[in-house]
Amino acid sequence: MKIYNQLLNTIKEKGAAYLILLDPDKLPENKLTGFLKHCEKSGVDGFLVGGSLMVNGDFDSFIEKVKVNTNLPSIIFPGSITQISPFADAILFLSVVSGRNPEHLIGKHVLAAPSIKKSGIEPISTAYILIESGSTTTAIYMSGSLPIPRNKPEIAAATALASEYLGMKLIYLEAGSGADNSVPNEMVKAVSNQCSIPVIVGGGIRTPQTAREKVENGASIIVTGNYFEDENNWDLIKEFASAVHIKQSILV
Ligand code: 1GP
């Protein structure tokens, strides 16, 4: 539980944690070291590593490079059961609880569990809740499941509570990478009010202000990915971190 506890401590100290998603297919390896250093200097709390597809490269060698070049936690955010590596610190053990596709509720988990045990990394049981965000996202398509309608916060809240009762350690409200719209604030609020475990919010967050609103509505962890695939945006990482760290910052 080392990494999970580290996340809980960060949330306690800073009000919320800020994680950046590294997609091996999107971030060229020659830019990786520079990006990691930049994130460290800018106040990022850790990295999620994964992607829905692994078209280019080798997941193991990518995550090894991440590990060698940063002391921040590297947590696998698996797009498939092939994305397991002993070089990571932890893995989000995701169940797509918004859907009713048994493969993504328990099937893939049975296949992945022995490899996770062998790798020695920490599994963090996570309720992955897909939220409708304007168009079909990769996560919806790949999981073959329906998202929760964005105007139904009560369904999201009940789903999250059921997940907590099932023993899950994190709730991940996912609008999808590159989503047209982020998870609605009312939904973040409804879920956070209902649950006592940390709520992660990700997908379509493109401004520090949006990130701050999610935290103000109860999110404990914010994830961004897409926005920093453009190097021109890297200077804004610091502003995102400061917007998320609600206990430590004044948003400019
Ligand atoms: C996807 O929540 C993450 O799982 C990140 O989304 O790429 O839209 O920031 P973005």
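Here we summarise the structure given alongside this text. Since this is a predicted model, take the numbers as computed values, not measurements.

Parameters at a glance
Residues numbered from 1 in each chain as written. Predicted model: local features only at pLDDT ≥ 70, side-chain atom pairs only at ≥ 80, totals over all residues. Heavy atoms only, no water. Near = heavy atom within 4 Å. Polar contact = N/O pair within 3.5 Å; in protein donor to acceptor, adjacent residues only side chain to side chain. Areas by Shrake-Rupley, 256 points an atom, 1.4 Å probe, with all protein chains shown as cover. Helix = DSSP H or I, 4+ residues; strand = E, 2+ residues; numbered from the N terminus. Nonpolar A, V, L, I, M, F, W, Y, C, P; charged D, E, K, R; others polar. Phe/Tyr/Trp six-rings, centres within 6.5 Å; stacked < 30°, edge-to-face > 60°. Buried < 20%, exposed > 50% of the residue type's maximum accessible area, 1.4 Å probe, protein only. Pairing = 2+ DSSP bridges. Axes fitted to C-alpha atoms, helices over the stretch in contact; angles between N-to-C directions. Contact = heavy atoms within 4.5 Å. Left-handed = near helix turned anticlockwise from the far one by under 90°.

In the vicinity of the ligand, 14 residues are found, and the nearest of them are Glu-174, Ser-177, Gly-178, Gly-225 and Asn-226. Within the side chain of Ser-177, an N or O atom sits 2.6 Å from an oxygen atom of the ligand. Here Asn-226 contributes a backbone N or O atom positioned 2.7 Å from an oxygen atom of the ligand. In isolation the ligand has 310 Å² of accessible area, and contact with the protein removes 97% of it. Where the shell around the ligand is concerned, the elements lending two or more residues are strand S6 (170-174) and strand S8 (221-224). Among the residues making up the shell around the ligand, the classes are represented as four nonpolar, nine polar and one charged.

In total, this model carries eight aromatic pairs according to the counting rule given. Seen from their ring centres, Tyr-128 and Tyr-172 are 5.2 Å apart, and the 85° between their planes marks the pair as edge-to-face. With Tyr-128 in strand S5 (residues 122-130) and Tyr-172 in strand S6, this residue pair connects regions lying 44 residues apart in the sequence. Both residues of the pair, Tyr-128 and Tyr-172, count as buried. Seen in terms of ring centroids, Tyr-227 and Phe-228 are 5.2 Å apart; in terms of plane orientation they differ by 80°. Their pairing is edge-to-face.

What links the strands of a sheet is backbone hydrogen bonding, and the strands pair in either a parallel or an antiparallel sense. The strand order S1-S2-S3-S4-S5-S6-S7-S8 describes a closed barrel built from eight strands, whose pairing is parallel. The mean inter-strand angle of the sheet, taken between neighbouring strand axes irrespective of direction, is 30°. Pairing of S6 with strand S7 (residues 199-202), which is carried by four bridges, proceeds in the parallel orientation. Residue pairing across strands places Ile-171 opposite Val-199, the latter belonging to S7. Of the strands in this sheet, strand S4 (90-96) and S5 are in contact with helix H4 (residues 102-119), which crosses S4 at around 160°. Strand contacts of helix H9 (residues 237-244): strand S1 (17-22) and S8, with the helix running at about 140° to S1, the strand carrying the most contacts.

At a minimum axis separation of 8 Å, helix H6 (residues 153-165) and helix H7 (residues 185-194) run at an interaxial angle of 30°. Note on packing geometry: the crossing formed by H6 with H7 is right-handed. Across the interface between the two elements, Pro-153, Ala-156, Ala-157, Ala-160 and Leu-161 from H6 touch Glu-186, Met-187, Ala-190, Val-191 and Gln-194 from H7. For the contact of H6 with H7, the residue count by class is eight nonpolar, one polar and one charged.

With respect to the secondary-structure elements, Glu-103 resides in helix H4. C-alpha of Glu-103 to C-alpha of Glu-154: the two residues are 51 residues apart in sequence and 25 Å apart in space. Other than its neighbours up to four places away in sequence, Glu-103 contacts Lys-108 and His-109.

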